[in-house]
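Take a look at the letters that make up each chain.
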Amino acid sequence: MKIFLSIIVLFCSSLLLHGQERVLKVSLEGVVPYDTLKCTAVMEYADNLECLGKWNTRTNSWYFHLPDTFLEKAQYIRLSANQKDKPEIKYIRPCFKIATAKDTSRYYWTELSFFEQADTLSLHAEYAYQDTVRNSMYYGTFGTDKIVITPHFNLISPSSELMRTIINANDFYVKYRDLPLEQRFAFFHRIISDAPDSHSNMVLLYDQRDNFTLEQLLSLRALFSEARRRSYYGKKLDAYIRLYSDRFSDTRLINSLTKQEETIVADENKYTLLVFSASWCAPCHKLIPLLKELNEKKKSVVDVVYVTLDTPEQLPAWNQLLAKENISWRSLSVGGRLNEIREKYKVRAIPYSYLIYPQKSKTEKVDIRDAGDKLKIENLKLAE
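Residues numbered from 1 in each chain as written. Predicted model: local features only at pLDDT ≥ 70, side-chain atom pairs only at ≥ 80, totals over all residues. Heavy atoms only, no water.

For the protein, the helix and strand inventory stands at 12 helices and 19 strands. Considering the protein as a whole, with its 384 residues, one finds that 49% of them fall into the buried category. For the protein, the share of sequence-separated contacts (at least 6 apart) that also reach a separation of at least 24 residues comes to 69%. Only carbon and sulfur atoms are counted for the fraction: they give 51% of the accessible area of the protein, which is about 18700 Å². (Helix = DSSP H or I, 4+ residues; strand = E, 2+ residues; numbered from the N terminus. Buried < 20%, exposed > 50% of the residue type's maximum accessible area, 1.4 Å probe, protein only. Contact = heavy atoms within 4.5 Å. Areas by Shrake-Rupley, 256 points an atom, 1.4 Å probe, with all protein chains shown as cover.)

Written out as structure tokens, the structure reads:
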């Protein structure tokens, strides 16, 4: 006999934009009630938001009282659970599956970003089976006796937006992850045209923003409804587009060595190669020989400048790296402004580089590990 677990009702405070309460109702069938259940909003740069549910025996439900921006501002949300009588379990991470009429294979996803214009959002699922993960670097259990449980649930009558979230994310990240640029553009053109007011479509496009040209991003943005373009992630996409279409917006940061404030661009008459890095970033360190080569060849045309994402506590390690590698170009530090700088310049992962044109007239994302980008910089010349 199946055990009916929980209807989880997630209460959201009034949204600033729409002025109404949101309820996310999640019903899980076929599993023993967990001791704890948590809903996590994974944010892009800020700290994740977590809410621990309260079990209501009378209604056989978990209740979460969430801030108004929980669903709208999260890149995605996920559920996790635990059982106190099993200390070997680090956590339990539910995974949700669907099958479509066109493709009977199972789509699955643990991270959801659906957000609909409805008073109640619903997620109803039935337990199918579970996986046990041991000794995993990904889940942080490597070298420990802890395990992670992933129960798989089949969704029952999911909403169109919930289906869209799982299918599109699974298609893009799993089935079609190596699509060439034009086919990637066609994929996004299709899914956005099919659902121009979809929150999950906007989140997915924003997540993949680095993989399109400016012209393609503008074209895809125009397919969304006006309301979606005005949404939180619509505005973030606009800010990213402005980063490339407007003049470079400079910032004064602290020189890692002299402790004096300086702008990122030191000489507006030259190009500036802006490189975000950190002492703890091994892939960043592999760029050093390439940067030294470019700096030696093009220092009369291109100024190289580091911006380290190290915290003030980590800065001594960064300065030791500069000395060890005999770095001759400038290095600036974000200090205590890590999230502010990452948000302003849309630095999602490092190493991350921009080529800033003379007079700060234009900004391009570049990767000197790419032969084409490296050659482009090597061929730069200043106007006569």
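Across all of its chains, the model carries 18 aromatic pairs by this definition. Relative to Tyr 354, the ring of Phe 276 has its centre 6.5 Å away and its plane inclined at 85°; by these criteria the two rings are edge-to-face. Pair noted here: Phe 276 is in strand 15 (residues 271-277) and Tyr 354 is in strand 18 (residues 352-356), with a separation of 78 residues, a long-range link. Like Phe 276, the residue Tyr 354 is buried in the burial classification. Arranged with centres 5.5 Å apart and planes meeting at 75°, the rings of Tyr 352 and Tyr 354 form a pair that is edge-to-face. (Phe/Tyr/Trp six-rings, centres within 6.5 Å; stacked < 30°, edge-to-face > 60°.)

A few words on the pairing of strand 16 (residues 302-308). Most of strand 16 sits inside the fold, with six of its seven residues counted as buried. Across seven bridges, the pairing between strand 15 and strand 16 is parallel. Its bridge partner being in strand 16, Ser 277 is matched across the sheet by Thr 308. Of the strand pairs in this sheet, strand 16 and strand 17 (residues 330-333) are connected by four bridges, and their pairing is parallel. Bridge assignment links Val 305 to a residue of strand 17, and that residue is Arg 330. Handedness of the β-α-β unit built from strand 16, helix 10 (residues 315-324) and strand 17 comes out right-handed. (Pairing = 2+ DSSP bridges. Right-handed = clockwise from strand over helix to strand, strands pointing away.)

So, about the nonpolar core. Phe 188, Leu 205, Ile 264, Leu 274, Phe 276, Tyr 345 and Ile 350 are the most contacted members of the largest nonpolar core, which has 43 residues in total. Going through the elements one at a time, helix 3 (181-194), helix 4 (199-207), helix 5 (214-221), helix 7 (232-245), strand 15, strand 16 and strand 18 are the ones with two or more residues in this core. Among the elements that line this core, the one with the most residues is helix 7, at six residues. One finds Leu 28, Leu 71, Ile 147 and Ile 167 within the second-largest nonpolar core, a separate group that totals 37 residues. (Core = buried A, V, L, I, M, F, W, Y, C linked by side-chain atoms within 4.5 Å.)

On the basis of which strands lie adjacent, the open sheet formed by seven strands has the order 14-13-17-16-15-18-19 and mixed pairing. Among the strands making up the open sheet, the edge pair consists of strand 14 (261-263) and strand 19 (363-366). Here the average twist between neighbouring strands, direction ignored, is 35°. One ladder, built from two bridges, connects strand 13 (residues 252-255) with strand 17; its direction is antiparallel. Looking at strand 17, one finds that Ile 254 is bridged to Ser 333. (Axes fitted to C-alpha atoms, helices over the stretch in contact; angles between N-to-C directions.)

Confidence along the protein averages 84 in pLDDT terms, with 90% of residues attaining 70 or more. Confidence over residues 1-19 falls short of pLDDT 50; this stretch has 80 contacts with residues more than four positions distant or in other chains. (pLDDT = per-residue confidence, 0-100.)

Turning next to the environment of Phe 115. Relative to the assigned elements, Phe 115 resides in the loop between strand 10 (107-109) and strand 11 (120-134). Considering only alpha carbons, one finds Phe 115 and Tyr 76, 39 residues apart in sequence, at a separation of 10.0 Å.

Attention now goes to helix 3. Between its first and last C-alpha atoms helix 3 spans 20 Å; for 14 residues at 1.5 Å apiece the expected length is 20 Å, and the two agree. For helix 3, the set of buried residues is Arg 184, Phe 185, Phe 187, Phe 188, Ile 191 and Ile 192. Taken around the axis of helix 3, the buried residues stretch over an arc of 160°, which confines them to a single face. For helix 3, exposure combined with an orientation more than 90 degrees from the buried face picks out Glu 182 and Asp 194. (Expected span 1.5 Å × (residues − 1). Arc of directions from axis to C-beta.)

For the bond running from Ile 350 to Pro 351, omega is 5°, close enough to zero to count as cis. With respect to the secondary-structure elements, Pro 351 resides in the loop between helix 11 (338-344) and strand 18. Phi at Gln 359 takes a positive value of approximately 65°, unusual for a residue other than glycine. Structurally, Gln 359 can be placed in the loop between strand 18 and strand 19. Residue classification places Gln 359 among the partly exposed positions, given a relative accessible area of 37%.

Right, let's talk about the environment of Thr 251 for a bit. Positionally, Thr 251 belongs in the loop between helix 7 and strand 13. Under the relative-accessibility criterion, Thr 251 is labelled buried at 6%. Sequence separation of Thr 251 and Val 265 is 14 residues, and the distance between their C-alpha atoms is 8.5 Å. Here the side chain of Thr 251 touches Lys 344 through a polar contact of 2.8 Å, side chain to side chain. Of note is the side chain of Thr 251, whose polar atom sits 2.7 Å from the side chain of Tyr 345. (Polar contact = N/O pair within 3.5 Å; in protein donor to acceptor, adjacent residues only side chain to side chain.)

With that settled, consider the packing of helix 5 against helix 7. How two helices pack is summed up by the angle between their axes together with the distance between the axes. Across the interface, helix 5 lies against helix 7 with an axial gap of 11 Å and an inter-helix angle of 150°. Taken together, the axes of helix 5 and helix 7 lie roughly antiparallel to each other. Two packed elements cross with a definite hand, and for helix 5 against helix 7 that hand is left-handed. Counted together, Leu 214, Leu 217, Leu 218 and Arg 221 of helix 5 and Leu 237, Asp 238, Tyr 240, Ile 241, Tyr 244 and Ser 245 of helix 7 form the full contact between these two elements. (Parallel < 35°, antiparallel > 145°, perpendicular 65-115°, else oblique. Left-handed = near helix turned anticlockwise from the far one by under 90°.)

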